[in-house]
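The residues making up each chain are set out below.
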Amino acid sequence: MKIQRRLGLSFLLILILYGVNLGLYAWGNQKRSVSVEVLQKALSRQVLFSSIKQKLSNIQKEVTLLSQVMAALAAEGLGVNEIKHFRAQTALITSEIDKLGRLSEAEMSREIKSFEEIYLGLSQSWQIFYENFGINHAKAIAELAVRADPVSTHLMVDLLPRLYEEEQMRVETAVLNYYQVEAWAKQMTRVIFLLTILITLTIAFFTSRYISLGLSKLKEGAARIGSGTLHHRIDIQSQDELGDLATSFNEMGQNLLSTQEALNEAHETLENRHQEAEKQRQNAESLLLNILPQEIAQELKTKDRVAPKYFEDVSILFTDFVGFTASTEKLAVDELVLALHDYFTAFDQISERYGLEKLKTIGDSYMCVAGLPQRKPSHPVDAILAAFEMIDAVKKRQVSENPAQWSVRIGIHTGAVIAGVVGIQKFSFDIWGDSVNYAKRMESRGISDRINISDRTYARVKDFFACTHRRQLSENKEKTFEMYLVDDILPGLKDAQTLGPSLAFSERYQLYFQRPFSSHWQKPIKNTEMPFES
Amino acid sequence: MSLSGLLKTMRRLLLVTGFLWVLFFQAGVAQAAEDIALVAHPTVPVDNLSFVQARKILLGNHQYWSPDLRVTLLIRAPVARERDLLLKKFYEMSEPQFRQHWISKIFRAETTSGPKVVFSSDMALELLVLIPGSITFVRADQVPKGLKVIQIDGRLPGDPGYSLQ
């Protein structure tokens, strides 16, 4: 049953009870009115009885006194006034008896009628007495003694007291009835009023409890569904508005669950795709970073193009393997590529540690640059330290098990370059300028497993490394190359144990370049200690 | 003595006796005629009343001969000898006391009817015949034949010791 119907029926029930109460109140009032009317009539009859009795008694006394005491005084008969007064009295009594008859009920009315008939006979006898008193006295006395006295005695002694007593009983019954009706009506009014209050409170309690419980369940269910527990179902089985609402909530929850499952599936699919895309992006970025410096790659990603940049101070490092050409004749191509991969991987790791930017490999030549794209004044020192480690890495591979036992020439020059990206499909970050060619010359004019640097580079690193001056003429003899072979770290800056940069080196590095020296130096390992990894 | 003398003597004796008888008889008759008789309607169920009973009836303390038969007193109006004798012998009251007695009785509702006053013996006797249960007091010589005279203490008017002489 719908709540609206329940409330409506409850309201109707309360109205009916109020109506019954009102009806009872009206009925009680009506009964009271009837009782009061009956009581009033009874009281009026009682008053009339008293009045009639009194008047009859008066006349009787008067007659009796006249007949025995006053007879001597009225020897010539009664006066007109006395007779008129007597007639008026009897007429008044007749009128009152008539009125009594009208006020009486059917049963009583018959007795009153009988009483009236007897009284009329008495009245006639008395009238005869009055009219003959003192004139035809014997007739008067005879009438009185023979007819009037017995009748009046019957009336006064028997009939009237009996009627009066009956009337008294009626009055008492009417009063009792009035109080009974009053008490009953009051009691019933109280009972129905209490019943109405009880039913109203019961209905209010159960209805509010039912609605409150239902709403609490709905609230809890909505909260749980809202918090994501979509499989939760609101347990309201009723067929009313709460049940409808609960069904709607449950359907909503089911729909949300279905939607969420679909969404999860879509999300999972999207996530997979995203991961795949991310993987591809990372691969692409990794590939991009492999071929481009991070800053350049970022610029290329954001602007789709990279503006050529001028770097006035960078150090360009070239390596070239000695013995590679001979190895090409001995090794299979895949072995050769594998060997190159091994060497260049080691170089890549070293370049990364020292902040050098690998530019490219050309055959067995490896080209990288220090000091770009982030400008830093320590780049010549960093390049030489990296070169030392590259030589170490090459030396580590100079073992008998290695089919590609090469040595390496390294050339470094410090100068200005133009850097930029060329191409639209296969990007290539590269540098251009005389410095690049000069650096290449430093490599080509270098010595196996030694670092050959230009005089400009030397000028920047002489406070860190011990170098040996060299001079060579160009091929056309027109130009002289002032070069230096880097021998080692200056003795005072070399750590005796690691054979690498010492604390003094670090302090000088920080003093010169105003940046902390993070030592990437790895203690050189003897060739026997490092197994060859093919 | 001779027979004639004897006859004369007897005649004289008879005359004297007759005289004496007449003398005494006439005196008795005259006395009986002055007594007041208690006369009652034939329906009255008693023939003899004691003085006390008669007094109670006259005072209104006994109002019924039987349940259906009222006592109706017919009493002569004042100044009549019958009334005076009645007041003196039975009521033992003066005229005002008698009047007051009945007024009180009526107003106390001890009776619904009092004695009825009649103005003559004839009226009394006339009403007596008409009213069942009635009694009245009249001179004995005025009582017509056929009416019921009630004895008082077993005596009738003229009897020695009769109450209403």
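Because the structure is predicted, anything quoted here is derived from the model rather than measured.

## Overview of the sheet that holds strand β2 (residues 48-49) of chain B
All names here are of chain B.
Part 1 of the argument: Spatially, six strands are ordered β2-β8-β1-β7-β5-β6 in an open sheet, and the strand pairing comes out mixed. The open sheet has two free edges, formed respectively by β2 and β6 (116-118), since each of these has just one partner strand.
Part 2 of the argument: As paired elements, strand β5 (residues 72-76) and β6 share three bridges and run parallel to each other. Residue pairing for β6: Ile 75 is matched across the bridge by Val 117.

## Quick notes on the pattern of salt bridges
Part 1 of the argument: Inspection of the entire model under this criterion finds 29 salt bridges over all chains.
Part 2 of the argument: Within the structure, one salt-bridge network assembled from shared partners comprises A:Asp320, A:Arg409, A:Lys440 and A:Glu443.

## With respect to the layout of surface pockets
The method is simple in principle: a probe with the dimensions of a water molecule rolls over the atoms, and the space it marks as empty is what remains.
All names here are of chain A.
Part 1 of the argument: Approximately 600 Å³ is the volume attributed to the largest pocket.
Part 2 of the argument: Breaking the lining of the largest pocket down by element, the ones donating at least two residues are α5 (241-291), α6 (294-303), α8 (333-354) and β2 (357-362).
Part 3 of the argument: With three residues, the top contributor of residues to the lining of the largest pocket is α8.
Part 4 of the argument: Of the residues that constitute the lining of the largest pocket, the class distribution is seven nonpolar, five polar and six charged.

## Points about the domain arrangement of chain A
Part 1 of the argument: Under the domain assignment, chain A is made up of domain 1 (16-194) and domain 2 (309-529).
Part 2 of the argument: Placing the centre of domain 1 of chain A and that of domain 2 of chain A at their C-alpha centroids yields a distance of 154 Å.

## Comments concerning the nonpolar core
Part 1 of the argument: Formed by 48 residues in total, the largest nonpolar core has its most connected members in A:Leu56, A:Phe115, A:Trp126, A:Phe129 and B:Leu127.
Part 2 of the argument: For this core, the secondary structure elements donating two or more residues are α1 (3-68), α2 (80-103), α3 (106-132) and α4 (137-226) of chain A together with β1 (36-40) and α5 (121-130) of chain B.
Part 3 of the argument: A total of 12 residues in this core trace back to one element, the largest contributor, which is α4(A).
Part 4 of the argument: Counting residues in hydrophobic clusters, the runner-up holds 47 residues, among them A:Phe347, A:Ala404, A:Ile410 and A:Phe465.

## With respect to unusual backbone geometry
With glycine set apart, most residues show a phi of negative sign, and most peptide bonds adopt trans.
Part 1 of the argument: Backbone torsion omega between A:Leu372 and A:Pro373 reads -5°, so that peptide bond is classified as cis.
Part 2 of the argument: The backbone of B:Ala109 shows a phi angle near 60°, a positive value even though the residue is not glycine.
Part 3 of the argument: With respect to the helices and strands, B:Ala109 occurs in the loop between α4 (95-107) and β6.
Part 4 of the argument: With a relative accessible area of 60%, B:Ala109 lands in the exposed category.
Part 5 of the argument: Phi at B:Asp153 is positive, roughly 55°, even though this residue is not glycine.
Part 6 of the argument: Mapped onto the fold, B:Asp153 is located in the segment after β8 (148-152).
Part 7 of the argument: The partly exposed category is assigned to B:Asp153, whose relative accessible area is 38%.

## Considering empty space enclosed by the protein
Residues and elements named next belong to chain B.
Part 1 of the argument: Using the criterion set out here, one finds three cavities of 30 Å³ or more in the structure.
Part 2 of the argument: Within this model, the largest cavity holds a volume of roughly 100 Å³.
Part 3 of the argument: The wall of the largest cavity is formed by 14 residues, among which Gln 63, Val 71, Thr 111, Ser 113 and Gly 114 lie closest to the centre.

## So, the state of the cysteines
Part 1 of the argument: This structure, assessed with the given rule, holds zero disulfides over all chains.
Part 2 of the argument: Take A:Cys368: it sits in no disulfide, and the sulfur closest to it among the cysteines is that of A:Cys467, at 18 Å.

## Some details on the interface of chain A and chain B
Part 1 of the argument: In this complex, chain A contributes 20 residues to the contact, which on the side of chain B involves 23 residues.
Part 2 of the argument: Across the chain A/chain B interface, buried area totals approximately 1,900 Å², and carbon plus sulfur atoms make up 74% of it.
Part 3 of the argument: Taken together, the connections running from chain A to chain B amount to one salt bridge.
Part 4 of the argument: Ionic pairing is found between A:Asp149 and B:Lys116, a salt bridge with its closest N-O pair at 2.8 Å.
Part 5 of the argument: Here chain A is connected to chain B by three residue pairs in polar contact (both at pLDDT 80 or more).
Part 6 of the argument: Mapped onto the side of chain A that touches chain B, the elements with two or more residues apiece are α1 and α4 of chain A.
Part 7 of the argument: Top contributing element to the side of chain A that touches chain B by residue count: α4(A), with 11 residues.

## Topic: the environment of A:Ile59
All names here are of chain A.
Part 1 of the argument: With respect to the secondary-structure elements, Ile 59 resides in helix α1.
Part 2 of the argument: A C-alpha to C-alpha distance of 8.7 Å links Ile 59 and Trp 126, two positions 67 residues apart in sequence.
Part 3 of the argument: Those residues within four positions of Ile 59 in sequence are excluded, and the remaining contacts are Phe 86, Gln 89, Thr 90, Ile 93 and Trp 126.

Here is what the cut-offs are and how they apply
- The numbers attached to residues start from 1 for each chain and follow its sequence in the written order.
- Written order determines the labels here, with chains lettered from A and ligands numbered from 1.
- Owing to the predicted nature of the model, reporting of local features is limited to residues with pLDDT of at least 70; listing and counting of side-chain atom pairs is limited to 80 or more, with chain, interface and lining totals taken over all residues.
- With hydrogens and water set aside, each side-chain value is computed from the structure's full complement of heavy atoms.
- Pairing between two strands requires that DSSP report at least two bridges joining them.
- Numbering of helices and strands runs from the N terminus, with a helix taken as a DSSP run of H or I at least four residues long and a strand as a DSSP run of E at least two residues long.
- Should a side-chain nitrogen of Lys or Arg be within 4 Å of a carboxyl oxygen of Asp or Glu, the pair is scored as a salt bridge.
- We place a 1 Å grid over just the protein atoms. Points where a 1.4 Å probe fits but has no way out form a cavity, open points with protein on both sides within 12 Å along at least 5 of 7 lines form a pocket, and any residue with an atom within 4 Å of a point lines it.
- Grid points are joined across faces, edges and corners, and a volume is the space filled by probe spheres set on the points.
- Residues are grouped as follows: nonpolar covers Ala, Val, Leu, Ile, Met, Phe, Trp, Tyr, Cys and Pro; charged covers Asp, Glu, Lys and Arg; every other residue, Gly included, is treated as polar.
- Note: domain ranges come from an automatic or database domain assignment.
- What is meant by a nonpolar core is a set of buried Ala, Val, Leu, Ile, Met, Phe, Trp, Tyr and Cys residues, joined one to another through side-chain atoms within 4.5 Å.
- For each residue, the accessible area found with a 1.4 Å probe, counting protein chains only, is set against the maximum for its type, and the residue is called buried under 20%, exposed over 50%, and partly exposed in between.
- Sulfur atoms of two cysteines make up a disulfide when they are within 2.5 Å.
- Throughout, a residue-residue contact means that at least one pair of heavy atoms, one from each residue, lies within 4.5 Å.
- By buried area we mean the combined loss of accessible area, with a 1.4 Å probe, across both parts when two parts are placed together.
- Side-chain atoms alone can form a polar contact between residues adjacent in sequence; in general such a contact is a pair of N or O atoms within 3.5 Å, and within protein one must be able to donate a hydrogen while the other accepts it.

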